[in-house]
Amino acid sequence: MYAHQRVERALRKAIAETQARGLLPRVELPGPVIERPQGRGHGDYSSSLPLKLARPMRKSPMDIAGLIAAEMPRDEAIGRVDVARPGFINFTLSPAWIAQQVDTILDSGPSFGNVNAGAGQRVQVEFVSVNPNGPIHVGHARGAVFGSALANVMEAAGYEVEREYYVNDGGNQMALFYRSLHARYLQALGRDAELPEGGYRGGYLVDFAREIVEEEGDRFLSMPDEEAVTGLGEVGLRKMIDLIRQDLRELRVEYDVWFIEQSLYSDGLFGKVAALLEESGYLTERDGAVWFRSTLLGDEKDKVFIRSNKAPTYFASDAAYHYNKLVTRGFDRVIDIWGADHQGNVPFMKAMMTALGLSQDRLDLLLYQLVTLRRGGETVRLATRAGELVTLKELVDEVGPDACRFFFLTRSPDSQMEFDLDLAAQQSKENPVYYVQYAHARICGIQKLAGERGIDHGDGRVLLLTHEAELDLLKKMLQLPELIEAMAANLSPHYLTSYSLELATLYHRFNDSCRVVSGAPEDLPVSKARLKLVAAARAVLARCLGLMLMDAPEQM
RNA sequence: GUCCCUGUAGCUCAGUGGAUAGAGCGGCUGCCUUCUAAGCAGCGGGUCGCGGGUUCGAAUCCUGCCAGGGACGCCA
């Protein structure tokens, strides 16, 4: 059982005991029971419950705190319980218990920090899902990093996670993409052809066309245009998905499922969902189109579901898609990560959940604010269809996946951010990611030295760890489970970055004040204990870096 | 006009209603014969956009205003 769980259990027990003895009235406990005090001198955990209970219990906070503190059961983890004005109860962990946790961490290995908040629920995280009509660009990197880190965090928190990319292979934009490819294909064969109005001008289509000519020759030339566009489109789509998959892989983003939008139509699910909505009266015809009546559910406007040309809208696909996720595949929870430019769809999607008879609690729509790009002192709005864009690949090639991931992960998805390309390489040198990785590499260096000197720390006695720097480092390590719990509850993987920095700071501080491998024979017992400590620290640092999908280098 | 996000140190940003608001970068001062100085210690730097409100307690919740970004399509 983790430290915070022990403290909470003991506190609840103490409260129940005071109530059972009639010292305090029975009232419901509000909110979180314990928290982490910010400053030093208030212990490792504290409870402000007495302040909150003062009113319902009709007693002074200090009296309540005193009564509860007096009933605190003995727990080897809890060294001290103090009452502090104006009504806090502060808990200080026992140094001996803290030291013993080194063994616990080493025994847990890579699973240290895992919690069971998810209780095995199946959750799907769908992210990036950019239309496959161009390479992933810098703006998408944010969603890719956020989504992949969140998926890892949810897994650590006890959810069964599936990572999914939704491939929109239909719609007007894709049609335009296919026609653009057709034009490039004709050009590649020396024919006179012009890109369609507003077509995709990116060089990747020129490359695709050349590859297709190399691989399949001019066989599309003899077909009627429409057939050629379709045929080329299939090949182009496959190439585009491969390219996207490859680019994302360089950012260490991998998926379990690539879900094809068209399959919703080919397997008949779309028709089923449309019929369901029709039956419950959520569809209506107007101006030749079929509308989803979201106004019935409190929205300001209705939304087109099937166009007057009989083609379903993106939104209609999305309705069937979410039905597939939550009903067909039966995920307990679904998390969609969208760019802020899709925010307008949030109310419609929520209304759709209700219309489909699904609880809104099962769907989280997370928005990340858009990234703007700064180049040559000028701010450029990112747009896929504009000619000039910076691809994800260019970014990763320039700053590396680690710095790139850390950079995006440091910011909360709610904050707008500006990416200064001119400073990217320079920033990467100053990127705090190296500070964290360096801590890991330093530990590896120590372990290497210990290995060379043949020191076996298996019998190291952790109770020898009493130095302030040792205990501070350990206490920070022990926070990992709480961190994972909080990140999963708030869907906020970005806490990892600050935590890793704090952990690395405490490691570097320890490294500076405590010598691990010593030449003096009388230091051997402490050396062994410290070797255990650094092994545990290495495990926790590696875990954090792993959750962020960053490298944990053995040397730098 | 309506809706969403943001406004915290010179810059980039953390901050899960609690006690004295933090980090990185930049600036200044020290510290390498010893496990990597990609490090450590210290100094300086704040009307948490502004005004009201709720609360024992507000950077955090509510509200009004100001500023920046985004969305309001039979595009995706």
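What you see is a predicted model, and the numbers here were worked out from it, not measured in a lab.

What follows deals with the packing of helix α5 (residues 138-156) against helix α14 (residues 401-410). Relative to each other, α5 and α14 sit at 80 degrees, their axes nearing to 9 Å. As summarised for this structure, α5 and α14 are arranged roughly perpendicular, according to the angle between their axes. Where α5 approaches α14, its residues V138, A141, R142, V145, F146, S148 and A149 are matched on the opposing element by R405, F408 and L409. Each residue belonging to the contact of α5 with α14 can be placed in one class, and the counts come to seven nonpolar, one polar and two charged.

Taken in spatial order, the three strands line up as β7-β8-β9 in an open sheet, and their pairing is antiparallel. Bordering the open sheet on either side are β7 (283-286) and β9 (303-306), each of which pairs with just one other strand. Taken over all neighbouring pairs, the strand axes of this sheet differ in orientation by 45 degrees on average, direction set aside. Of the strand pairs in this sheet, β7 and strand β8 (residues 289-292) are connected by four bridges, and their pairing is antiparallel. Counted as the bridge partner of R286 is A289 from β8. Sitting on the sheet, helix α10 (residues 269-279) touches β7, β8 and β9, and the angle it makes with β9 is about 130 degrees.

Now for the environment of R238. Mapping R238 onto the fold places it in helix α8 (residues 225-250). With 247 residues separating them along the chain, R238 and E485 place their C-alpha atoms 39 Å apart.

The five strands lie next to each other as β6-β5-β4-β10-β11, forming an open sheet whose pairing is parallel. Looking at the sheet topology across the chains shown, the edges are occupied by β6 (257-260) and β11 (363-368). Averaged over neighbouring strand pairs, the angle between their axes works out to 25 degrees when direction is ignored. Across six bridges, strand β10 (residues 333-339) lies against β11 in parallel orientation. Bridging across to β11, D336 finds its partner in L365. Against the sheet, helix α12 (residues 346-355) contacts β10 and β11, and its axis sits at roughly 175 degrees relative to β11.

All right, on to the layout of surface pockets then. Here the second largest pocket is characterised by a volume of approximately 1100 Å³. What lines the second largest pocket is a set of 35 residues, and nearest its centre among them are R36, P37, D44, K476 and Q479. Contributions of two or more residues to the lining of the second largest pocket are made by β3 (88-93), α4 (95-108), α17 (468-477), α18 (480-490) and α19 (495-513). Counting residues per element, the lining of the second largest pocket draws most heavily on α19, which supplies seven residues. Looking at the lining of the second largest pocket residue by residue, the class counts come to 13 nonpolar, ten polar and twelve charged.

Let us now look at the pattern of salt bridges. Enumeration according to the criterion identifies 31 salt bridges in this entry. One salt bridge in this structure joins E155 and R163, with 3.2 Å as the shortest N-O distance. On the basis of relative accessible area, E155 is assigned to the partly exposed category, the value being 38%. You can call R163 buried: its relative accessible area is 12%. Here D242 makes a salt bridge to R245, at a shortest N to O gap of 3.9 Å.

A few words now on the environment of Q19. With respect to the secondary-structure elements, Q19 resides in helix α1 (residues 3-20). Note on Q19: relative accessible area 12%, which makes it buried. On a C-alpha basis, the gap between Q19 and S500 in space is 41 Å, while along the polypeptide they are 481 residues apart. Not counting residues up to four positions away in its chain, the partners in contact with Q19 are L24, P25, R26, V27 and M57. Of the polar contacts made by the side chain of Q19, one reaches the backbone oxygen of P25; its length is 3.1 Å.

This part is about unusual backbone geometry. Residue P86 follows R85 across a cis peptide bond; omega there is 0 degrees. One non-glycine residue, R58, adopts positive backbone phi at about 55 degrees. Its location among the elements puts R58 in the loop between α2 (49-57) and α3 (61-70). Relative accessible area serves as the criterion here: at 77%, R58 is assigned to the exposed category. You will see that K310, though not glycine, has its phi angle at about 75 degrees, which is positive. The topology assignment puts K310 in the loop between β9 and α11 (314-328).

Neighbouring RNA strand B are 64 residues, the closest being R55, Q343, R411, Q416 and Y438. Sugar and phosphate atoms represent 63% of those atoms of RNA strand B found within 4 Å of the protein. Within the backbone of N511, a nitrogen or oxygen atom sits 3.0 Å from a base nitrogen of RNA strand B. Side-chain polar atom of R515 to a sugar or linking oxygen of RNA strand B: 3.0 Å apart, as the coordinates give it. With seven residues, the single largest contributor to the surface near RNA strand B is helix α16 (residues 433-452). Here the surface near RNA strand B is built from residues that sort into 19 nonpolar, 27 polar and 18 charged.

In this section: the confidence of the model for chain A. Scored by pLDDT, chain A comes out at a mean of 92, with 96% of its residues at no less than 70. Long-range and interchain partners of residues 383-387, a stretch whose pLDDT sits below 50, account for six contacts in this model, where long-range means more than four residues apart. The ipTM value of the predicted complex is 0.95, and its pTM value is 0.95.

The side chains of a regular strand alternate, first on one face of the sheet and then on the other. Across the five residues that make up strand β4 (residues 122-126), a large majority, four, are buried. Where β4 meets strand β5 (residues 160-167), five bridges bridge the pair, whose relative direction is parallel. For V123, the partnering residue across the bridge sits in β5 and is V161.

The rules behind each value
Residues numbered from 1 in each chain as written. Chains lettered and ligands numbered in written order. Predicted model: local features only at pLDDT ≥ 70, side-chain atom pairs only at ≥ 80, totals over all residues. Heavy atoms only, no water. Axes fitted to C-alpha atoms, helices over the stretch in contact; angles between N-to-C directions. Helix = DSSP H or I, 4+ residues; strand = E, 2+ residues; numbered from the N terminus. Parallel < 35°, antiparallel > 145°, perpendicular 65-115°, else oblique. Contact = heavy atoms within 4.5 Å. Nonpolar A, V, L, I, M, F, W, Y, C, P; charged D, E, K, R; others polar. Pairing = 2+ DSSP bridges. 1 Å grid on protein atoms, 1.4 Å probe; cavity = no way out; pocket = protein on both sides within 12 Å on 5 of 7 lines; lining within 4 Å. Points joined across faces, edges and corners; volume = space filled by probe spheres on them. Salt bridge = Lys/Arg side-chain N within 4 Å of Asp/Glu carboxyl O. Buried < 20%, exposed > 50% of the residue type's maximum accessible area, 1.4 Å probe, protein only. Polar contact = N/O pair within 3.5 Å; in protein donor to acceptor, adjacent residues only side chain to side chain. Near = heavy atom within 4 Å. pLDDT = per-residue confidence, 0-100.

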